[in-house]
Each structure stands twice: as C-alpha cells, then as structure tokens.
Amino acid sequence: MALFVAGLNHRVAPVALREQLAVEEDKLRELIRDVQASGVATETVLISTCNRVEVYAVADAPGEARAAVFRRLCQHRGVDPATLETLLYTHVDDEAIRHAFRVAASLDSMMVGEPQILGQVKDAFALAQSCETVGPTLHTLFSQAFAVAKKVRTETDIARHAVSVSFAAVELAKKIFDGLTGRAVLLVGAGKMSELAAKHLVDQGAFPIYVVNRTWSRAQELARALAATAVPFDELDTALGAVDIVVTSTGAPEPIIRRDLVQRVMSGRRGRPLFFNDIAVPRDVEESVETLDDVYCYDIDDLQQVVDANLRERAREAQRAEALVEREVAKFSARLRDVEVIPTIVSLRERLEGIRVAELRRALARVPDATAQTRDAMEALSSAIVNKILHVPVTKLRESSRAGVGRSWTTFVQELFGLGRST
Amino acid sequence: MICIGNMVKMLVVLSNLVLIGYACATGLALAYLVQREELVHRLATLATIAAWAVHSVALIVRGVETGRPPLASLSEAVSTAVWVVVLLEMLVERRWQMPALGAFVMPVVLILSLNASAMRPQIGEAFRGAWVWVHIALAMIGVAAFVLNFAGALMYLLQERQLKAKRPGTFYYRLPDLQTLDRLTYRTLALGFAFLTTGLILGAVWARTSWGSVLTFDPLASLSSLAWAIYAATLAGRAVAGLHGRRAAYFSVFGFTMLVLTLGAGLFLPGRHGS
C-alpha cells in the first residue's frame, strides 16, 4: 500500500489544458466515489483549481489508480488521455508528503505565498471527507499539511510583503506612520487605481477619506462609493494640510502639486510626515517635492521598485520555508509509517483481549465460590500474559514500519492471527 | 569572614562570563538583523538575559566585597551604566515590540563592557559619601538612557534614508516606522536629560562644598557639561522649536559622541574623577 500524488499544475500544463480539466464540485464527488468504489484506491482526495488538478490517494498499485482517476476525468471532459500521459507527474511516499506540504504552504503556487491555495486544499479535503473517501493516512497527511502551512506563514515572511503596487502604498505608509488608524487620506483624481489604493488604506483603519477631482460629479460619485468626503478642486491646498497620505492619479499633463505649495503646507504640520503616492503618468507631484523634509514621495516606478524588492524578499523567505518543509517531511514520514501499522496493532490487541476476557469468564464460571481476591489474581494473571505476549510483536511492527517494510509485516501478522476477517 | 582572595577570583570569572555573554548576545542580535530567523532572536534574548543576570550577581558581589556601591571608579560606574542599558534595552524591546533594537544597543554595550573590564584607579577615600554615590548613580542612569537614545537615532536615520532613497533593503524590512523611532528618541532624551542634569547638579554642589568652587578644571566635568549642553539644546529644540526627525537624530548622535569622548577623557586624562 503506497501513498502517492499524481497530477499536473501550472508548470507542466498550459492554461488551455488546465481549464479543460477543471471540474465542478458535483462531478468531483461523483468521480472520487467512483474511484473508491472501483477498489483501485483505499483513500482518495482530489484537488481541482485553476492552477492544478491533483489526486492524493493510497493504493496498492499507484500507477493503476492514477490511470483510473485520469481516465475518468478525461472521459468526462472529452480530453484525449494520451495528451496527459507525458505531462502527469507522480510522487510516492516521502515525495508525496513533501508535495502535499509544499502545495498547502503555497510554495508550489504560481505566485509563491498567495493565500488562496490553502483554502482550496481545505475545501478539497472536506469534500473528500463528506464522500467518506478519507482514511487514516490521508487524514493524518492533510491535518499535518495544514499545520505546516500555518507554521510557514507564521515563521517566515513569505506572505508578508506587498506584491501589488496598490498594496505597496499601504506597506510604505506603515513604515512612515505608527499605524494607519485615523490617518486621513486625500485622493486627487478619481481613477480606478486610486480607488483600489484607498480601499486598502481604509481596510487598515485610515479615516477620513477626501476626494478632490476637477469634475465635481465624479468626485461626488467616488466619495459615495468610498464613504468619503468630496472636496472642491480649489480647496486642494487646505485639504493637503489636513491629511497624512495623498494618492494622486489625475490625467493632468503638468504636475498639479508643486514644491512651493507643499513647502507651505509642511510648515504648518509640526513635523507630521506627508506621504505622496503618485500613480499618475505623467506625474502629478513635482519631482523636487521629495527633497523636502518629512515628505515621502513615491511615483509609479518607485512603487514598482518596492514591489520588486518585496518579490526578492519573498523568494528569500521561500527558501527558508522550503527548509522548514524539509524538516517537517522527515518528522512526518516516520509518523505516517506508524499509521500503516497502527490498525494492525489495534486489531491484534483486540483479538487477544477478546480471547482473554472469554476464557477468564469461562474459568470463573467453573469456580463459583472463588473469593474476590482469587478473581483479582486471575484477572491480573491473564492480563499480564496477554501483555507479555503482545510486547515483542508490537515493537517489531513499529520497528518494521520505521524501516519502511511495515506493509509486509502487517500482512504477515494479519495472516498469522487471522485478523481483518470475520472469523 | 569570607575569604577575599576567593571573592576576587570569583569576580574575575563572573566578569569574564558577562563579557562572553554580551559578546554572544551582540553576535546573535546582529545575525537576527541579517537573517531574521525567529530562533536566532530567541537565542539573542536568552543570551542577553543570562549575561545580565550574571552581571547583576557580579555587581552585588563587588558591592559586598568592597562594602560600597560599585561606583567608585569610572570603570565600575560604566559597568553599572551598562547594566542599566541592558535592562532598558530588554524593557523597550519587549514593550515597544522592537526585535531589531538589540542589534543597535548590544554592540555599544559590548564596547563599553570591554572598557569597563579594564581595572582603573578609584576615586580617593575622601570623595566617598552618600552624595557622591547618588551623583554617580544618577549620571550613569542618564548615560544609559542616552545609549538607547543613540540607538533610536541611528535606527531613525537608517530607516529614513531607505524610505527617501526608495530602495527597500534590510533596514526597511527590519526596523520599525519613523514615528515610533522618533518617539523613542524623544522619550529617551527626556529621561536621560532629567537624570544627567540632576546628577551633574549634585556633583557641582558637592564640588562647591568640598573645594569651595565648581569651576576648578576637571576634564570629565568639563566635557560632560558640554555633552549636557548639546542634549539641553536638542531637548529645548524638540520641546519648543519643532525640532524632530532627522535633524534631532543628528543632534542625538552628536551628543552621544561627546558623551563617549567624556568617558574616554575620564578614563585616560588625570582629574578628580580618578586616574
């Protein structure tokens, strides 16, 4: 019996093929129930997202089980199974554990560290549970994969830094101000980009929001959408004095925020920093503004540069995450092997315990006038014998599983004691 | 009666342990800044706590051995100041959630400890007395606060530089935001100034009652007055003239340089403060 994962992801298969293979929930249920019923696999979980289609299963013959799953999938979506054959990857045992951990921890994602994949894996697992195709092995595997994903998220900064320009603004603001709660934001220009940046800032507690736009009706419209206040264009100077963060995105051909204006505004701010996000091209904020003290002025290229640095940081953190996953795989692989011998150990124990209890009852029936003391002694004697007998086989079974030959031992022990059969 | 010879031997062992501990803590704190491994930070914190605990024991043993506060020579006083610095560092790091702080404070701690570990002559018997101990203790707490002030200013300058240059690097990712750093610099300045001022006044009053004059030349007294003047100007600027941020940080670095010179002068030039 082997644990394996087989499938394809964004690295090996083009989007055209991935979208063809993506299946809806109902079909997914039908598919895993069908596979389970056919008997090629004892446990099955199927993950289907826009970036990957993977089956995690426990089967005697992984190749057969893999073929069964993907044959059904291709049949359903009208894909020629031959096109898949060269693309599919298969990982067995430790490799499969590593793959599951990496996928859940978002290390195998197109954008490393993206948060959606963990939810998708959890959904797939829950779906399989509801179809009762999850046994002890996959249950242990996925529970641990979720724990590892959480650990990666908390112990590395893999998902910490902004990888979009609009979120980079939020992150920068947090390095200038001690928290964004109650920071006032001014939007100059009412474009989509500035709206997005404003939403991120509001999510972090920024308040109130002001909107300035040359077209008054558009200013009002955006103000309504963001629960903000529209301010007339000629009151831009006053508004600048009252806010901490400015997002500019007008279509003006010339800078509309000039150095002398900002200098005037800054003199009244008593050292409170002012942070400009100029996402307009051509730029709305005069370049020399950034030389003023306490003024931080980022144009679209600067923000992109921050994003690039963050991506490099992510890649560095991903390496640390890989090392962490590696340690977890080593730890887990021993545990999972135990999982395969534990059912045998339990049934062996139950079998001997059943014999002991039955024989004890029979023996006690023959001596009805035995004292409580005698009964206790017989009870203790029989228990001791059973435990002494069990000790070596149980130890051997555990050792065999750690040595990777648990499967043959469990079969042997089951045969020897007639376990797993209704005898 | 405890054998003095054993005590001296024990003190040497203890101060070596303290030095090793602070060296480890410094290395780990710097490694954490570069590596950002949570485990490294935990180890740095452990090393700091352990070294500080041994340091506490060493100070007590020295006090018991000599029957006076461990403040009678400049090296003793600096060692006590270092003890206060590490205490403040641990408190601020925890309270303000600034895991990177150690990387800026512990190197200073290590350098000061190396200086303090060298044996220096003590102040004369005639100078000892409750007033003098209080004078030295207050001044040393002031010095300790200024070490934190210096670390805060340094962090501010590094973070500000990265934000202005728009090229996020190690410091951008590891250091806290500018406003928090500016507040840390302000608070430690106020704290340090209050203690240093009281300490210096006590010293001057004592000098007047002992020598009848505060103006006799003494290198440590003169230089520390200069450092005090820089800090006074910075604090006044911050309080009333809107001095803040980068400029205030420059002043802090300048003041601390003067303070280090003061200690250096106290250690190497002859004067009333020992040597």
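Let me sum up the structure you'll find in this document. Computed from a predicted structure; not experimentally measured. (Residues numbered from 1 in each chain as written. Chains lettered and ligands numbered in written order. Predicted model: local features only at pLDDT ≥ 70, side-chain atom pairs only at ≥ 80, totals over all residues.)

A look at the overall build of chain B
In step 1: Along the backbone of chain B there are nine helices and zero strands.
In step 2: In chain B, the succession of α and β elements from N to C terminus is α-α-α-α-α-α-α-α-α.
In step 3: Expressed as a percentage of the 275 residues in chain B, the buried residues total 46%.
In step 4: The long-range fraction of contacts in chain B, counting pairs at least 24 apart against all pairs at least 6 apart in sequence, stands at 79%. (Helix = DSSP H or I, 4+ residues; strand = E, 2+ residues; numbered from the N terminus. Buried ≥ 20, exposed ≤ 12 C-beta atoms within 10 Å, placed from the backbone. Contact = placed C-beta atoms within 7 Å.)

What to know about the sheet that holds strand 1 (residues 2-9) of chain A
Residues and elements named next belong to chain A.
In step 1: Pairing within the open sheet is antiparallel, and its four strands lie in the order 2-3-1-4. The open sheet has two edge strands with one neighbour each: strand 2 (43-48) and strand 4 (89-92). Sheet twist, expressed as the average angle between the axes of neighbouring strands with direction ignored, equals 15 degrees.
In step 2: Taken together, the eight bridges between strand 1 and strand 3 (residues 52-59) define a ladder with antiparallel strand orientation. When the sheet's bridge partners are listed, L3 is paired in strand 3 with V58. (Pairing = 2+ DSSP bridges. Axes fitted to C-alpha atoms, helices over the stretch in contact; angles between N-to-C directions.)

Thoughts on the packing of helix 3 (residues 74-95) of chain B against helix 5 (residues 130-165) of chain B
Between two packed helices, both the angle of their axes relative to each other and the distance between the axes serve to describe the pair.
All names here are of chain B.
In step 1: Interaxial distance between helix 3 and helix 5 falls to 8 Å at its minimum, and their mutual angle equals 45 degrees. Regarding the angle of helix 3 to helix 5, the classification is oblique. Between helix 3 and helix 5 the crossing geometry is right-handed. Of the residues in helix 5, those in contact with A77, T80, A81, V84, V85, L88, E89 and V92 of helix 3 are I136, M140, I141, V143, A144, A145, V147 and L148. (Parallel < 35°, antiparallel > 145°, perpendicular 65-115°, else oblique. Left-handed = near helix turned anticlockwise from the far one by under 90°.)

A few points about the pairing of strand 6 (residues 209-212) of chain A
Residues and elements named next belong to chain A.
In step 1: Burial of strand 6 is two-sided: the residues I209 and V211 facing one way and the residues Y210 and V212 facing the other way are all buried.
In step 2: Of the pairings in the sheet, the one linking strand 5 (residues 185-188) to strand 6 comprises four bridges and is parallel in character. Its bridge partner lying in strand 6, V185 is registered against I209.
In step 3: Handedness of the strand 5-helix 9 (residues 192-203)-strand 6 crossover: right-handed.
In step 4: Where strand 6 lies against strand 7 (residues 229-231), three bridges are found, and the strand directions are parallel. Residue pairing in the sheet places V211 in a bridge with A230 of strand 7.
In step 5: Taking the sense of rotation as the criterion, the β-α-β connection linking strand 6, helix 10 (residues 216-226) and strand 7 turns out right-handed. (Right-handed = clockwise from strand over helix to strand, strands pointing away.)

A short note on the packing of helix 13 (residues 300-366) of chain A against helix 15 (residues 406-417) of chain A
Residues and elements named next belong to chain A.
In step 1: Viewed as axis vectors pointing N to C, helix 13 and helix 15 meet at an angle of 15 degrees, and their least axial separation amounts to 10 Å. The orientation of helix 13 with respect to helix 15, classified from their angle, is roughly parallel. Viewed along their axes, helix 13 and helix 15 form a crossing whose handedness is left-handed. Mapping the contact onto sequence places R337, E340, V341, T344, L348 and R351 in helix 13 and G406, R407, T410, V413, Q414 and F417 in helix 15.
In step 2: Split into classes, the residues belonging to the contact of helix 13 with helix 15 amount to four nonpolar, four polar and four charged. (Nonpolar A, V, L, I, M, F, W, Y, C, P; charged D, E, K, R; others polar.)

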